[in-house]
Every structure is written in C-alpha cells, then in structure tokens.
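Below are the chains, spelled out letter by letter.
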Amino acid sequence: MPIEPKLKRFNQNVLSKYQIYNSIFMTLPFDTISKTVTLLPLFYETCKTGFAKQEDPTTIVDTFFKKYQARRSPESQINLLFRFIQYIERQVVLFDAVEDAAFPIVNNMEGIGTLRNLKESAFAEHKKQVLQDYLESFKVRIVLTAHPTQFYPGTVLGIITDLAEAIKEDNLTEINNLLGQLGKTPFFKDKKPTPYDEAINLIWYLKNVFYESFGGIYDYIQQNIFDDKVIDNSIINIGFWPGGDRDGNPFVTPQITLGVAKKLKESIIKNYIKDIKYLRRRLTFKGIRERIVDLNHRLHNTLLHKSEASQITLADFRAELNNIRTILIEEHQSLYVDQLTTLINRTTLFGYHFASLDIRQDSRVHDAMFRALVGELIANDSDLFPSNFFELELNEQLKHLAEIKGTIGDIVFKDESAINIVETIKAMKFIQDSNGEIACNRYIISNNQTTLNVLQLFAMLKIIAFGDDLTADVVPLFETVPDLLAAPQVMEDLYSNPNYRTHVAARGNKQTIMLGFSDGTKDGGYLMANWAIYKAKEALTTLSRKYDIDVIFFDGRGGPPARGGGKTHQFYASLGPTIEDKEIQLTIQGQTISSNFGTLDSSQYNMEQLISSGISNHISDKNLEMSSADKLVMDDLANLSYKAYVDFKKHPKFLSYLEKMSTLQYYAKTNIGSRPSKRGKSEGLVFADLRAIPFVGSWSQLKQNVPGFYGVGTALKFYEDKGEFEKVQQLYKASRFFRTLIANSMMSLSKSFFDLTRYMSQDPEYGAFWNIIYEEYETSKRLILKLSGFTELMENEPIDKASIAVRESIVLPLITIQQYALKRIQELEKAEVKDEAQIEIFKKMVTRSLFGNINASRNSA
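Model, not experiment: these values are computed from the prediction. (Residues numbered from 1 in each chain as written. Predicted model: local features only at pLDDT ≥ 70, side-chain atom pairs only at ≥ 80, totals over all residues. Heavy atoms only, no water.)

**Student:** Would you explain the overall build of the chain in this entry?
**Tutor:** Looking only at helices and strands, the chain features 33 helices and nine strands. Computed over the C-alpha atoms, the radius of gyration of the chain is 28 Å, within 12% of the 29 Å expected from 2.2 N^0.38 for a compact globule of 861 residues. Dimensions of the chain along its principal axes, counting C-alpha atoms only, are 80 × 70 × 60 Å. Put simply, the chain has 861 residues, and 60% of those count as buried. Expressed as a percentage of contacts within the chain between residues at least 6 apart in sequence, the contacts between residues at least 24 apart total 80%. (Helix = DSSP H or I, 4+ residues; strand = E, 2+ residues; numbered from the N terminus. Rg over C-alpha atoms; globule rule 2.2 N^0.38 Å. Buried < 20%, exposed > 50% of the residue type's maximum accessible area, 1.4 Å probe, protein only. Contact = heavy atoms within 4.5 Å.)

Put into structure tokens, the structure is as follows:
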C-alpha cells in the first residue's frame, strides 16, 4: 500500500485530530469555560482582521469589547483576557500532545537519516565493514541542561505524555478525563525550582524515555549491523548539567552536586531492578533462577546502601549477567537471551551513573576562587606556591601551575570561595569513587579567554583531590567572537606544554573543547557566530592533528536557530574532512528536551538522525570540503553581517528598546529556572550581563526574531548591489553548511510577525529603530527567497511550515493581549498619578502570556 504524502499525513493525523479534540475541550463542564470558548474564536477573528488592516493591538482589543462585550466592566474585561490566556495555554498543550501522538505516522521512522536507512545504504554499497569500524569508535553525547527554557511545569509535561498515549489509542474516555485534568492544573509556578528540583524533572526523561529508546537503538545496532556481536563502544552517552552547572547560579552547591549524583545512581539501579524482576519471572530454570534472585537482592542492598559486602559492583553485575547469558545459550536453547542481552547493553550505556554529571563554572569566578585558595595556602606556609606567586611573570605562573605537585593537606580554609572550590572538586572525586569515573569526569570553564584560565583549574584539580592521577578532563568553553579567534593559540600553549600534554595522553589522547553558539550569536550576530565557530573548529582540528590529539567538539546549542538550534543534525551532516567529527556532543536545553526527545518515538528518531549525520559522511564518497572561493564568499558575508549587527547593537536605542518595549524584564518573574536571569549585580541593563536565553526569547515574544536573521539581508544585498549575487548562489548550491544556515534563518523569519508591533513605527522615541529592524527583515526575506529560488519561506519543509502556521494561529490572540498589556503599562506609568494596582495587574498579564507563546514555538528560547 503506497504511503500518503507527508503533508496529507500531517493534516489527517495532526490538524484534523486537534480540531476534533479541541471541540471536546470546549464542552468541558467548567465554570466560565463556555463563555471563554464562545468568545475566543470571535477575538481571534478580530485580531486577524485587525492586523490585516494594520491596526494596533490596543485598537483590536477595544474593538472586540465594543462589538461583542460592550456591557462588560473594565474589571470583567481584564478577567476575560486572563481566561483567554489560560485557555490558549491549554490549546497549545493539546496540539503538542496530538503532534507527539502522530510523530511516528508523520515522520518516516525508517526513512532518510534513520539507522535502518543508514544500514541499508552501507550494505548496498558493500561498506558494512566500514560502517562497523566507524561505529566502534564513534559517539554521540547529548547533554541535558537546566537552562530556563522549559515553561511547562512537570505536572503539565506528565499530562502531555499521557494525553499523547490516549490520543494514539483513540481512548476518548481517557482523553476527556485528561482534558479535564488539564483545565484544572495550574501552569504558573509560585516559586522558583531549586537546582535539585530541576535535576529530578530531567531524571524523569532518563528513567521513562532514554532508558528505553536509547537502549533500543543500541540493541538494533548490535543485532542488525554487528550480527549480535559485542560492540566495544557505548556509541550513545548522556551528559547532565542540573546540579553540576554552577555558572551564574549561586544555588548550585557541592551538596546539591552530591545529592544529584546519588539520585542518578539510585534511579538507574531502580530501572535495573525492574528489568531483573521481569527476568525473574521468565528465567525460572534450575541454576539460573537462584542467580537472578541473588542479583535482585544485591541490587536492592546497593540501592539501600547496606553493608559493602552485600552490595554488587557494576563490574560484578555485568559479569554475572554475562555468565547467565552463556548458560542460556549453552544449556537452554537461548531462551529469553535477547531480553537478557538488552539488560547487558543497558549497563554498557548507563553503568551506575545513568548520565555523566558535568561541572561548569565561569573563568572569572575561578580566578577569584584560585586567588582566594592560593592566598590562604601562602598564609598557611604551604610549599605549593611561592609567597610571591602573583608577582611572577605570566609565563612563570603558567610553568608553576603546569608542574605543580602535592596536596592542600588538612588546611581549614576560611574564605567562602576557597571552601566552595575545594568542596566541589572533592565532590567530583567522591562521585567517581561511588558511581564510576564517567559519572563526573569533566570540568567546563565557561567564558574561557586565556591559557591561564585552563591551568588554574588544572592545578586546583590536582592539589585538591586528584594528584597526578587526574581522571578528569579540563574543557575550555570559547563563546564570544574574540575568544573563538584566540582559541587556537590557547590550545597550542596547552598542547606544547609537556605536563598538560602528558595529561592529555593519559586521557586517551583526547581533548574536548566546547564552543558556545548562544553567546556567540548574541555577541556577533547569526552568520558571524556560526562561521566563526566553523573556522575555529577547522583551526583547532588542524592544530590538534599536528600534535596527534583527537579533538572533540562539544557544541553549546539552544533551541532556536539564533542559539545554535533548528535543524541541528543537518549541521553535522554538512561538516567536511577539515573538521574532526569522531564524536558529536551538544547540549539539549529545557524546551528542546521535551519537544525533540520527550517521547520514545521522537527521542529514537532524533538520536538516530544525529548518529546518522555523523556517520553518513564517512561511508559516502561525496566531498563536502568547501572550496577556497566559496570560503572567501562565506568569510565576506560573515564580516558584512557582523558589521551590520555590531552597528545595530551600538544604536543608542538598542538596550532601552529591549528594556521598555519587550518582555525582557518579565523573564525573571516566570519562576521557571533556579538561576538568576542575568550574570551581574548591576541595577540597570548591561548588555554583557544579559543572558542569551532572555535576550533571544524577548525578540521572539515581539515576533521579531532579530538574532536569527539580522545582518543576513545586509550581507546578501552587498553582493546584489555589486552585481555578484551569483557568487552567493554558487555558495548556496555547493555548501550544505551554508544551505543549513539559510534554512534556519528562514525558520526565524517564518516565526516573525511585524504587524503585531507595527504601531511602534509611529512611536516618537522608538519608531526609527523599529523601522531599521523591519527593513532588515524585509531585505533578508526578499534575498533569501531569491537565493533559494523559493516563492515562500520554508516551502521545501511543508510539515514544519504547517506546524508553525497552526501554532502561530493558536497564539495570535495571546500575543495581541501581551502587546495590549505592555502598551497599557506604558500609558499608566506616564500618568501624573500612577495607578499601581492596575500596573501590577497588567504586568501579571504580560508574565502569564509568556508561557503559551514560548510553549507554542517549541524552540523559541
């Protein structure tokens, strides 16, 4: 039976079902819901018609009330707007659940980019051995972070999961009950979560999604590519930042880190116990059942921290499982051997750690900690540092740090920052001893600018806990454009240092380097950030190969294109031989975890896409290396866009526009994350202190999405004006990397809606600034269409385009209310006598409106 076109499958299984279940939602027997659902379609049509006439949000809201609800009091009008917000939030949840349920129908789970497709292509080209060889060394590591982009509380995420399952089964009774539950479940959190709360929320995905889906992927590879042979490689790793990432988050303490590591170990052991209980019911054979029962008891003892002798180590657990497997094969006709092998494979993937806890801190904080630590060591007459250490020349300091030996001993530190770094590093060592080395063996230095930043941490790790046997990787994170340019020199200093080079050799001759897309885009604009990272990767690959070191690039990516998100797997598929790609490592943040990896189907599909994108280049004969002529054009485009973006940032209205005309100041009030919304303690808005998430998210709320396209149009127009547009067209045709950049920028443009804020063009203070943004949007859109040959944005991605269209239509009334509230706040604050109560009501309205809009976008922050 032929498969229907993808768009038809979307319309039948997503759009039609959403409309059906939304009608059920409208009939729920809740107070006030009948009036809300009756009036909301009328409000939507008023918004749609009003914006088509270029009316402003205030006029649209006023028109709606005059036409349909003229008798309502001002207070009643406000209450209705709040009910609209609440209802739209739940419509977004319903659409998410319907899309999740239809995922394996809309997406071809065996099509291009899946493991089955990869396997069949390799086998057809007689490259089975090539594929096997590469899989024995290749890895994908997704790192779950607690970045505050998840606006759904855990209770709502649970409803989405259950609702998706009920929709899959067309269980109308359960759907009705879950919609009822959804109607009564609050979305807003009264207080911020703790870092431990954030960890617990993400561990849910480990236990309920990744354990099954990633285990299934590994089983498939072993059975279908390796013919059931043992694979000497885990292939998939999971990293974990909640409880370990203390960059800008003072609430992450060493005690929190230890608590999260303990919870991770307990969680994976509970999953193993569940599988052992299943095997206990099946492996009832003489000589085996007793051994399974014993494993069950010893795992329970390990979970409950009973006497060491009664527990079981990971090595012993795996050895016993393999012994039982041998007996099953030799004496019991391999009965249930596949189920047992699945458990063995999961111990390969998850060990006793479940996910590897990364530690991260800012280099400037490290410097303060280091100075406090060394100061107290000198004051206590320690021989680790000379008394004049801070007066030494830089090269002498570097030499001393690289060669340092000894320990801090039993000195009792008094400075809070010294105590913190000592306890943090000791916690790393404790976690390794308890959960295995892989459980906590990376320390990331964010905002890394110099060689000194790396060697300060290198020395502290050794003298505090690890000594010469340093079983941890020091990972510099380069983020801004200047830091990316400086990265090769920093790494050359390290590689050429004999002590650091010995450490790298002991770590398997591998060096991980993290590159930050979010702050790179915030600093240098979309094209320059991506191109600067591409060039840094090329330079660092060349350098690392010169020193015979395998460099591993760890990409700090967010959800939207402006933060390195979008079609992520296409970026990895576009890398040529000049960039090392034996491992793919990237952060998966907040909202993207639930939207791309939140279900068994989506997590399997997206992980397979990542694995396939990293491997397909190596079994293909296609040359992806960018030509020197294309590189010159790409370099020129990046520089042109960079200048345009930097000039834009320097505009005298840039910061105040964000502060006064956007939702920036409201992000801190949403209580979605434990960390503060900005780095510094300054009272006013300082660009350097501004975090990338609220920065990008604020542009998204305005439906302007500036970080995803600004400068692109200016750069393309330069070539058009010169009559050399064919050079850019040649680059687009030849370079998959550039095509992916443009495709992601199209997504940002597609999610923009300037009619929402067109009224700002008449604002006496910000009108000219708004027009600058709009002009760049129009130029970018026109020339991207010209470049791609499309008649409309994203026409080659009909499903994503259709999904975005539905989501944007759902939230149209919501963003209208948000702009109406912002405008009312401005008016009320300008009044001679301020009505503080009214101002607070409208501020609450703005804050509440953030949730539905961000959740609808799925990758907007």
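Having seen the structure, we can now continue with the description.
**Student:** Where do I start with the nonpolar core in this structure?
**Tutor:** Membership of the largest hydrophobic core comes to 265 residues, with the highest contact counts inside it found for I142, F214, F240 and W699. For this core, the leading source of residues is helix α4 (residues 74–106), giving 17 residues. Aside from chain neighbours lying at most four places away, what touches I142 is F210, F214, N237, I238, G239, L586, I588, F597, M607 and L610. Ranked by size, the runner-up nonpolar core spans seven residues in total, among them V143, W241, L477 and F554. (Core = buried A, V, L, I, M, F, W, Y, C linked by side-chain atoms within 4.5 Å.)

**Student:** Please clarify how the pairing of strand β6 (residues 473–478) should be interpreted in this entry.
**Tutor:** The side chains of a regular strand alternate, first on one face of the sheet and then on the other. When you tally the buried positions in β6, you get six out of six residues, the bulk of the element. Neither face of β6 is open: one carries D473, V475 and L477, the other V474, P476 and F478, and all of them are buried. Pairing of strand β5 (residues 442–446) with β6, which is carried by four bridges, proceeds in the parallel orientation. Paired with Y443 across the strands is V474, a residue of β6. (Pairing = 2+ DSSP bridges.)

**Student:** I keep staring at the environment of F123 and nothing clicks. Help me out?
**Tutor:** Relative to the helices and strands, F123 resides in helix α5 (residues 115–124). By relative accessible area, which is 28% here, F123 ends up partly exposed. Considered as a pair, F123 and I225 are 102 residues apart in the sequence and their alpha carbons are 9.2 Å apart. If sequence neighbours within four positions are ignored, F123 has contacts with K128, N224 and I225.

**Student:** Looking at this structure, how should I read the pattern of salt bridges?
**Tutor:** Any two side chains of opposite charge can pair, on the condition that their charged atoms come close. On inspection of all chains with the given rule, the structure shows 47 salt bridges. Of the charged contacts in the structure, one is a salt bridge between D227 and K128, with a shortest N-O distance of 2.7 Å. Highlighted residues: D227 in the loop between α9 (195–224) and β2 (236–240) and K128 in helix α6 (residues 128–135), separated in sequence by 99 residues. Between K399 and E403 there is a salt bridge; the shortest N-O distance is 3.1 Å. Within this pair, K399 and its partner E403 are both found in helix α15 (residues 394–403), separated by four residues, close to a single helical turn. Several salt bridges share partner residues, and in doing so they unite E89, R90 and R848 into one network. (Salt bridge = Lys/Arg side-chain N within 4 Å of Asp/Glu carboxyl O.)

**Student:** Please explain the pairing of β5 as it appears in this structure.
**Tutor:** Of all the five residues making up β5, five are buried; the element is thus mostly covered by neighbouring parts of the structure. Here β5 shows two buried faces, one formed by R442, I444 and S446 and the other by Y443 and I445. Pairing geometry for strand β4 (residues 359–362) and β5, over four bridges, is parallel. Each residue of the ladder has a partner; that of I359, found in β5, is Y443. One crossover worth recording links β5 to the parallel β6 by way of helix α17 (residues 451–466), and it is right-handed. (Right-handed = clockwise from strand over helix to strand, strands pointing away.)

**Student:** Help me understand helix α11 (residues 289–303) in this model?
**Tutor:** The end-to-end C-alpha distance of α11 is 21 Å, a good match for the 21 Å that 15 residues give at a rise of 1.5 Å each. Count one or two residues on from α11 and you reach H305, which has phi positive near 60°. (Expected span 1.5 Å × (residues − 1).)

**Student:** Any chance you could explain the sheet that holds strand β7 (residues 510–516) here in plain terms?
**Tutor:** Adjacent strands of a sheet pair through backbone hydrogen bonds, lying either parallel or antiparallel. The nine strands lie next to each other as β3-β2-β1-β9-β8-β7-β6-β5-β4, forming an open sheet whose pairing is parallel. If you trace the sheet from one side to the other, it starts and ends with β3 (356–357) and β4, each paired once. In this sheet, strand β8 (residues 550–556) lies alongside β7 in parallel orientation, the contact comprising seven bridges. Of the residues in β8, the one forming a bridge with L515 is D555. Sitting on the sheet, helix α14 (residues 363–379) touches β4 and β5, and the angle it makes with β4 is about 85°. Those strands touched by helix α23 (residues 590–597) are β1 (139–145) and β9 (583–589), and its axis lies near 110° from that of β9. (Axes fitted to C-alpha atoms, helices over the stretch in contact; angles between N-to-C directions.)

**Student:** Hey, could you run me through helix α26 (residues 654–661) in this one?
**Tutor:** Residues separated by three or four positions in an α-helix point in the same direction, a consequence of the helix having 3.6 residues per turn. Of all the residues in α26, the buried ones are F654, S656, Y657, L658 and M661. Against the buried residues of α26 lie α25 (628–649), α27 (692–701), α31 (767–788) and α32 (798–830).

**Student:** In this structure, what is going on with the packing of aromatic side chains? I would like to understand it.
**Tutor:** The relative placement of two aromatic rings is captured by the distance of their centres and the angle of their planes. Tallied over the full model, the rule gives 48 aromatic pairs. The interplanar angle of 20° and the centroid separation of 4.2 Å between the aromatic rings of F648 and Y710 together place this pair among those described as stacked. Here Y710 lies in the loop between α27 and α28 (712–721) and F648 lies in helix α25, a separation of 62 residues in the sequence. By the burial criterion, F648 is buried, and Y710 matches it. Among the aromatic residues, those joined into a ring-pair cluster are F648, F654, Y657, F695, W699, Y710, Y766 and F769. When the ring centre of Y774 is taken as origin, the NZ or CZ atom of R758, which lies over that ring, is 5.1 Å away. Geometry around F725 places K786 over its ring, the cationic atom sitting 4.6 Å from the centre. (Phe/Tyr/Trp six-rings, centres within 6.5 Å; stacked < 30°, edge-to-face > 60°. Lys NZ or Arg CZ within 6 Å of the ring centre and 35° of its normal.)

**Student:** Would you mind going over the side chain of N530 with me for this structure?
**Tutor:** With respect to the secondary-structure elements, N530 resides in helix α21 (residues 526–546). At 2.9 Å, the side chain of N530 and the backbone oxygen of Y526 are in polar contact. Excluding its chain neighbours within four sequence positions, the residues that come into contact with N530 are F517, F571, F737 and L741. (Polar contact = N/O pair within 3.5 Å; in protein donor to acceptor, adjacent residues only side chain to side chain.)

**Student:** Help me understand the packing of α17 against helix α18 (residues 481–495) in this model?
**Tutor:** How two helices sit against one another is set out by the angle between their axes and by the gap between those axes. Contact geometry of α17 with α18 gives a least axis separation of 9 Å together with a crossing angle of 45°. Put simply, α17 runs oblique to α18. The segment α17 lies against α18, with T451, V454 and L455 engaging V490, D493 and L494. Of the residues in the contact of α17 with α18, the class split is four nonpolar, one polar and one charged. (Parallel < 35°, antiparallel > 145°, perpendicular 65-115°, else oblique. Nonpolar A, V, L, I, M, F, W, Y, C, P; charged D, E, K, R; others polar.)

**Student:** I tried to follow the environment of Y605 on my own but got confused; where do I start?
**Tutor:** Here Y605 shows up in helix α24 (residues 600–619). As a C-alpha pair, Y605 and T114 span 491 residues in sequence and 6.8 Å in three-dimensional space. Not counting residues within four places of it along the chain, the set of residues in contact with Y605 comprises F103, N107, N108, M109 and T114.

**Student:** Quick question: what am I supposed to make of unusual backbone geometry here?
**Tutor:** Phi is mostly negative for residues that are not glycine, and the peptide bonds are mostly trans. Here the phi dihedral of D170 falls at roughly 50°; this positive angle occurs in a residue that is not glycine. For D170, the position within the fold is in the loop between α7 (154–168) and α8 (172–184). Positive phi, normally seen in glycine, also occurs at H305, with a value near 60°. Tracing the sequence through the fold places H305 in the loop between α11 and α12 (314–331). Looking at H305, the relative accessible area reads 47%, which means it is partly exposed.

**Student:** Hey, could you run me through the environment of I841 in this one?
**Tutor:** Tracing the backbone through its elements, the reader meets I841 in helix α33 (residues 836–857). Overall, I841 belongs to the partly exposed group, its relative accessible area being 29%. Residues I841 and I825 lie 16 residues apart in sequence; the distance between their C-alpha atoms is 9.2 Å. For I841, the contacting residues outside a window of four places in its chain are I78 and F82.

Take it as geometry only, folks, not as evidence of what the structure does.
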